[in-house]
Amino acid sequence: MRKVDEECFCGAKARRIKTQLELYDGNVVINDVDALYCPKCNQELLTTKDVKKAREKLKEILPGFQAFSIRKKITKVGNSLTIPLAKELIEYMGLKKGEEVRIILKNRNRLIVDVA
Ligand SMILES: [Zn+2]
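Residues numbered from 1 in each chain as written. Predicted model: local features only at pLDDT ≥ 70, side-chain atom pairs only at ≥ 80, totals over all residues.

A. Focus on the overall build of the protein chain. Tallying secondary structure elements over the protein chain gives two helices and seven strands in all. In the protein chain, the succession of helices and strands from N to C terminus is β-β-β-α-β-β-α-β-β. Residue burial in the protein chain is summarised as follows: out of 116 residues, 3% are buried. Within the protein chain, contacts between residues at least 6 apart in sequence are counted, and of these 27% link residues at least 24 apart. (Helix = DSSP H or I, 4+ residues; strand = E, 2+ residues; numbered from the N terminus. Buried ≥ 20, exposed ≤ 12 C-beta atoms within 10 Å, placed from the backbone. Contact = placed C-beta atoms within 7 Å.)

Here you go:
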């Protein structure tokens, strides 16, 4: 049986390596992630299985963590626009009313909210 997972898309033989995955702008780093390396493309590749394993590791690093992505509508309070935060997120992050956060404008499409 041909081992598909040891071949790159380009057809060259890829080898098994351990790599480091950086997520969330480098705020979360997963070490010892199984991946493939193609010397011809000079690229690291993750098979579906590798991604699954990396996700398991992420859960160990951040217990109870699930990649949080949710669509919310902007609402208006007085003259300001606000974005309601989900209860789960508030509990997970331990946020309190009146707490100060730092809002960083990354670009026209991205805001980062730093707590503490
Ligand atoms: Zn390749």
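B. Here's a closer look at helix α1 (residues 48–61). Compared with the 20 Å implied by 1.5 Å per residue over 14 residues, the 20 Å span of α1 between its first and last C-alpha is a close match. The element α1 is largely exposed, with a buried count of zero among its 14 residues. (Expected span 1.5 Å × (residues − 1).)

C. Spatial organisation of the sheet that holds strand β3 (residues 43–45). In space, the three strands of this open sheet follow the order β1-β2-β3, with antiparallel pairing throughout. Each having just a single partner strand, β1 (15–23) and β3 make up the two edges of the open sheet. Shown here is a sheet whose adjacent strand axes are inclined to one another by a mean of 55°, direction ignored. As judged from the three bridges shared by strand β2 (residues 28–38) and β3, these two strands associate in the antiparallel manner. Across the sheet, Leu36 pairs through a bridge with Leu45, a residue of β3. Docked against the sheet, α1 engages β1 and β2, running at close to 165° with respect to β2. (Pairing = 2+ DSSP bridges. Axes fitted to C-alpha atoms, helices over the stretch in contact; angles between N-to-C directions.)

D. Fine view of unusual backbone geometry. Of note in the backbone geometry, Asp32 takes a positive phi value of approximately 50° without being a glycine. Within the secondary structure, Asp32 is located in strand β2. A positive phi angle is found at Asn42, which is not glycine, with a value near 50°. Looking at where Asn42 falls in the secondary structure, it is placed in the loop between β2 and β3.

E. Expanded view of the pairing of strand β6 (residues 101–107). For β6, the buried fraction is low: zero of the seven residues fall into the buried class. Alignment of β6 against strand β7 (residues 110–115), held across six bridges, turns out to be antiparallel. Bridge pairing in β7 places Ile104 opposite Ile112. Turn length for the β6-β7 hairpin, with the two strands adjacent in sequence and antiparallel, is two residues.

The quantities given are spatial measurements derived from coordinates; they are silent on function.
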